[in-house]
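Residues per chain, in single letters:
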Amino acid sequence: MAETSGHMRFFPYDRPYPNQGAAMDGIAEALDDQRDVLVEGAPGTGKTLSALVPAIAHARREDKTVVITTNVHQQMRQFVEDARAITQTEPIRAVVFKGKSSMCHIDVEYQECQTLRDTTRSLVEREEDREELGEQAEALVDRMREGQQGAAEARTAVTDELEQISEELEDLREGNVCEYYYNNLTENTDEFFSWLFDDVRTPENIYEYADERMLCGYELLKEGMEEVDLVVCNYHHLLDPNIREQFFRWLNRDPDDIITVFDEAHNIESAARDHASRTLTENTLDQALNELEDADDSRADAAENVISAFHSALRDTYDDALGFGEREQVGEDWYDLPIANHDRRDDLTLTFLQRYEGRGIGTEVDLALQLGKRLDDEYEEAYKNGETTSRKECQTLQAAEFVAAWMADGGKLGQHPMCSVRRDGGTEEVYGRAELYTCIPREVTETLFEEVHASILMSATLRPFDVTEDVLGLSDPVTMAYGLEYPEENRRTLAVQTPALFSSEREEPATQERLTQVLADASRFTPGNTLVFFPSYAEANRYHERLQGRTEVTDRLYLDEAGTPTEQIRSKFVGSDGAVLLTSLWGTLAEGVSFDGDDARTVVVVGVPYPHLSERMEAIQDAYDRVYSGRREAGWRYAVEIPTIRKTRQALGRVIRSPEDFGVRILADKRYTQASSGMGKYGVRSTFPAEERAEIIDVSTEKLKFAMLNFYGDHDAYDGTPPRP
């Protein structure tokens, strides 16, 4: 292993998993060539270390910094464990970074924090100036006693300046400052940094340490990020261009000095859309108009004219879009209304143009932006001086910025104008929101991948690689795929020939009865826990009710519901023996969460869990069809089919987490079977990678229990007499 000895010194264990050594070698070689890497590896095969070990070795040799990121909370904990293991083998400097809101000791918003930091720093700097001048004044007294010429005049000048600084300090102390950050600047914090790098500390560790000492842990962490080997963070630190620029500045690194590692990289696409999409609520428009009423500025009339027209257009647009009786159905969640048109601008823009009367939208938006910036500066100054207890946000500036973006970008390919409504929980009134929804994520990600030194994207479900490259804007990456190299005899993947669970079929009593029997059989013949994924929480609830009293585990039948603490239900489930947990494939248990051994011996995916085919999904399909017009059904394939099968494969990966582990994976829908080849685009078996497809065995609903009995019996898994078919 001579060629890998350079990076293997960072590998913290005795020997790699199967394929892990080859993956590390391949990544090391790609980084030497400054190429991006796409790595698909089965769950539980050590992908994180496969990427971290060669990345840290390359960064140490080439003076780079590794930034590893995920949007799955469970994976953040895994990163910390892996980093701690590495640093015990080969010491590295690592920090774990979270947003300010989760680390603030006084619970203020970002902009307010920035202002507090500036005013506090100004206070400390003036205190230092006063101390320095005081020392000068004392020295000049000695010179005066010695009769030194000019000493008296110099002392008078110093004392005048001291008096002026004292007045400034009095004003600053009457303003808003942060005592925690003040202590950062005035106390010796060497002990904190020694503690920080003695191990890999979590944000929770840092918060607790700093809170006990009345220090700002967030600002101390930022100071400690220079010259580190590894940073663990969330997706938004890299996907948001503004945050990314600031984040790299805290690291004291240019983008070309950064190696990014994205875990669960199949999620980048949707995360990038969320970061790129822009919204403006009717409430913000209301507040902007109220703000302009009090603004004593010649630009206020122009700003009011254009913002008022957009406000009226938004109300008219959603009023017209709401059908008979639809307003009464609107709840506290945002409810999308169709406003886009194929042959012209959207309804909101057209209504805005009809409503607007003035000197020109562009001119008046520019004036609104100028006024908004002036007002924002005034709010900043008022907070600094202690005239206000909180840092006011300028609503005029937010409204003007959005209207400018809406008019400039609303008609561009990949930007989908939308209107949504919701009901205010307090007033019960319905109000609206305009949104520019970004359909093409590469507009966000391509620049990032071009800027940084190299990127490693890893997931259990990145294939097909060409689609990942297209969607994210990667240029000629190295691709690696490693299947589940654990013994094949330890797993069985069964496609059960239940009806294709299209929405109409789900309501058929015969279908529901058949599927209920499949789930009852699956749980009864599993020597351990059974984890069941459905296309939605509503379907999970339906079969939770149907299974009550139908199995021997009714008292161990758990339902994961939307909006409930997932970790609590998961803990009860894994702490049980022979339990069944029903959840949604679109929930948080389908990926990034390990169920080892008996924690989940069998996993069942019910149906093909297509996302809700909403206007957003249709907009994404349409955008992909237009961008990749030469590819057959590119929209359906890129936007619906491939992401859906990735979710299915992620769910299947919740079992078989080690070489000794064994289990059954069930796909309950005939669209997964060989017979699906005649179902056109709805047959999904061919979408699985070839080696996974080869392992799928078709069984009838009646034969499922025999297939499971034979498999688990061969593994001597039953405690006592096996169940009788």
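Residues numbered from 1 in each chain as written. Predicted model: local features only at pLDDT ≥ 70, side-chain atom pairs only at ≥ 80, totals over all residues. Heavy atoms only, no water.

### Considering the overall build of the chain
Phase 1: Helix and strand counts for the chain stand at 27 helices and 18 strands.
Phase 2: The principal-axis extent of the C-alpha atoms belonging to the chain is close to 110 × 70 × 50 Å.
Phase 3: Split into buried and exposed, the 725 residues of the chain put 56% on the buried side.
Phase 4: Of the roughly 32300 Å² of accessible surface on the chain, a fraction of 42% belongs to carbon and sulfur atoms.
Phase 5: With 77 positive and 141 negative side-chain charges, the chain shows a separation of 7 Å between the mean positions of the two kinds. (Helix = DSSP H or I, 4+ residues; strand = E, 2+ residues; numbered from the N terminus. Buried < 20%, exposed > 50% of the residue type's maximum accessible area, 1.4 Å probe, protein only. Areas by Shrake-Rupley, 256 points an atom, 1.4 Å probe, with all protein chains shown as cover. Lys, Arg positive; Asp, Glu negative; His and termini not counted. Charge placed at Lys NZ, Arg CZ, Asp CG, Glu CD.)

### Digging into the pairing of strand β13 (residues 530-534)
Phase 1: Of all five residues in β13, five are buried, a share of seventy percent or more.
Phase 2: The two faces of β13 match: Thr 530, Val 532 and Phe 534 on one face and Leu 531 and Phe 533 on the other face are all buried.
Phase 3: In this structure, β13 lies alongside strand β15 (residues 580-584), joined through five bridges in parallel fashion. Looking at β15, one finds that Leu 531 is bridged to Leu 581.
Phase 4: Note: β13 against strand β16 (residues 602-606), four bridges, orientation parallel. (Pairing = 2+ DSSP bridges.)

### Some points on helix α2 (residues 20-32)
Phase 1: Compared with an ideal rise of 1.5 Å per residue, which puts 13 residues at 18 Å, α2 spans 18 Å between its outermost C-alpha atoms and is within 8% of the ideal.
Phase 2: Within two residues after α2, Gln 34 carries a phi angle of roughly 55°, on the positive side. (Expected span 1.5 Å × (residues − 1).)

### What to know about the nonpolar core
A general feature of soluble globular proteins is that nonpolar side chains tend to end up buried together.
Phase 1: Of all hydrophobic cores here, the largest spans 99 residues; its most connected members are Phe 97, Leu 196, Val 231, Phe 247, Leu 251, Phe 262 and Leu 457.
Phase 2: With sequence-adjacent residues up to four places away left out, Phe 97 is seen in contact with Met 76, Tyr 218, Leu 221, Lys 222, Met 225, Val 231, Val 232, Cys 233, Asn 234, His 237, Phe 247 and Trp 250.
Phase 3: Counting residues in each nonpolar core, the second largest holds 41 residues, with Val 306, Val 365, Val 421 and Leu 436 among its members. (Core = buried A, V, L, I, M, F, W, Y, C linked by side-chain atoms within 4.5 Å. Contact = heavy atoms within 4.5 Å.)

### Let's talk about the sheet that holds strand β6 (residues 278-281)
Phase 1: Spatially, β6-β9-β8-β7 is the arrangement adopted by the four strands of the open sheet, whose pairing is antiparallel. The strands lining the two open edges of the sheet, one partner per strand, are β6 and β7 (335-337). For this sheet, the mean angle separating the axes of adjacent strands, direction not counted, is 30°.
Phase 2: Two strands pair when backbone bridges link them, and β7 and strand β8 (residues 415-423) are joined in this way by three bridges, in the antiparallel orientation. Along β8, the bridge assignment pairs Tyr 335 with Val 421. (Axes fitted to C-alpha atoms, helices over the stretch in contact; angles between N-to-C directions.)

### Observations concerning the packing of helix α5 (residues 110-145) against helix α7 (residues 179-186)
Phase 1: Following both chains from N to C, one finds α5 and α7 inclined at 40°, their axes separated by 9 Å at the closest point. Considering the angle they form, α5 stands oblique to α7. Pair α5 / α7 crosses with right-handed handedness. Residue-level inspection shows Arg 117, Thr 120, Arg 121, Leu 123, Val 124 and Glu 127 of α5 in contact with α7, the latter providing Tyr 181, Tyr 182, Leu 185 and Thr 186.
Phase 2: Partitioning the contact of α5 with α7 into residue classes produces five nonpolar, two polar and three charged. (Parallel < 35°, antiparallel > 145°, perpendicular 65-115°, else oblique. Left-handed = near helix turned anticlockwise from the far one by under 90°. Nonpolar A, V, L, I, M, F, W, Y, C, P; charged D, E, K, R; others polar.)

### Looking at the state of the cysteines
Phase 1: Across all of its chains, the model carries zero disulfides by this definition.
Phase 2: Among the cysteines around Cys 178, which has no disulfide bond, Cys 216 carries the closest sulfur, lying 5.8 Å off.
Phase 3: The exposure class of Cys 216 is buried, given its relative accessible area of 11%. (Disulfide = S-S within 2.5 Å.)

### Comments concerning helix α24 (residues 615-627)
Phase 1: End to end, α24 covers 18 Å across 13 residues, agreeing with the expected 18 Å (1.5 Å per residue, within 8%).
Phase 2: Looking at the buried residues of α24, the elements they touch are α13 (268-276), β7, β8, β9 (430-438), α20 (465-472) and α25 (634-652).

### So, unusual backbone geometry
Most peptide bonds take the trans form, and the phi angle of most residues other than glycine is negative.
Phase 1: Residue Pro 464 follows Arg 463 across a cis peptide bond; omega there is 0°.
Phase 2: Topologically, Pro 464 is positioned in the loop between β10 (454-459) and α20.
Phase 3: Its identity is not glycine, yet Asn 252 carries a phi of approximately 60°, on the positive side.
Phase 4: Mapped onto the secondary structure, Asn 252 falls in the loop between α12 (241-250) and β5 (258-262).
Phase 5: Look at Ile 656: it is not a glycine, yet its phi comes out positive at around 65°.
Phase 6: With respect to the element layout, Ile 656 can be found in the loop between α25 and β17 (663-668).
Phase 7: For Ile 656, a relative accessible area of 1% gives the class buried.

### With respect to the UniProt feature "coiled-coil region" (unreviewed entry) in the chain
Phase 1: In the numbering used here, UniProt assigns the feature "coiled-coil region" (unreviewed entry) to residues 123-175 and 278-305.
Phase 2: Across residues 123-175 one finds 89% helix and 0% strand; the C-alpha atoms that close the span lie 10 Å apart.
Phase 3: The distance separating the terminal C-alpha atoms of residues 278-305 is 22 Å; by composition the span is 64% helix and 14% strand. (UniProt positions renumbered as here; feature names shortened; annotations may be inferred.)

### Details of the pattern of salt bridges
Phase 1: Inspection of the entire model under this criterion finds 54 salt bridges.
Phase 2: Linking Glu 40 and Arg 463 is a salt bridge whose minimum nitrogen-to-oxygen distance equals 2.7 Å. In this pair, Glu 40 sits in strand β1 (residues 37-41) while Arg 463 sits in the loop between β10 and α20, placing the two residues 423 residues apart along the sequence.
Phase 3: Accessibility expressed as a relative area gives 1% for Glu 40, which makes it buried.
Phase 4: A salt bridge links Asp 669 to Arg 671; its shortest N-O distance comes to 2.7 Å. Each of the two residues, Asp 669 as well as Arg 671, counts as buried.
Phase 5: A single network of salt bridges, built from pairs that share partners, joins Glu 40, Arg 463, Arg 649, Glu 691 and Glu 692. (Salt bridge = Lys/Arg side-chain N within 4 Å of Asp/Glu carboxyl O.)

### Things to note about the sheet that holds strand β11 (residues 478-482)
Phase 1: Overall, parallel pairing links the seven strands, which are arranged β3-β4-β2-β5-β10-β1-β11 in an open sheet. What marks the edges here is a single partner per strand, and that holds for β3 (94-96) and β11. Pairwise comparison of adjacent strand axes, ignoring direction, gives a mean angle of 15° for this sheet.
Phase 2: Here strand β2 (residues 65-70) runs beside strand β4 (residues 230-234); their pairing, made up of five bridges, is parallel.

### So, the UniProt feature "domain: Helicase ATP-binding" (unreviewed entry) in the chain
Phase 1: UniProt feature "domain: Helicase ATP-binding" (unreviewed entry): in the numbering of this structure it lies at residues 6-318.
Phase 2: Taken end to end, residues 6-318 has its terminal C-alpha atoms 62 Å apart, with 62% of it in helix and 9% in strand.

### A look at the environment of Lys 392
Phase 1: The topology assignment puts Lys 392 in the loop between α17 (361-384) and α18 (395-409).
Phase 2: Judged by its relative accessible area of 46%, Lys 392 falls in the partly exposed class.
Phase 3: On a C-alpha basis, the gap between Lys 392 and Phe 193 in space is 34 Å, while along the polypeptide they are 199 residues apart.
Phase 4: Beyond its immediate sequence surroundings of up to four residues, Lys 392 is in contact with Glu 291, Asp 376 and Tyr 379.

### Structural notes on the domain arrangement of the chain
Phase 1: By domain assignment, the chain separates into domain 1 (8-104 + 190-275 + 445-481), domain 2 (110-177), domain 3 (278-438) and domain 4 (488-715).
Phase 2: Computed from C-alpha atoms alone, the centre-to-centre distance between domain 2 and domain 4 is 70 Å. (Domains from an automatic or database assignment.)

### Overview of the packing of helix α21 (residues 509-524) against helix α22 (residues 537-547)
Two numbers describe a pair of packed helices, the interaxial angle and the distance between the axes.
Phase 1: For the pair α21 and α22, the least separation of the axes is 10 Å and the interaxial angle reads 75°. Considering the angle they form, α21 stands roughly perpendicular to α22. Between α21 and α22, the contacting residues are Thr 511, Gln 512, Glu 513, Leu 515, Thr 516, Leu 519 and Ala 520 on the first element and Arg 542, Tyr 543, Arg 546 and Leu 547 on the second.
Phase 2: In terms of residue class, the contact of α21 with α22 is made up of five nonpolar, three polar and three charged.

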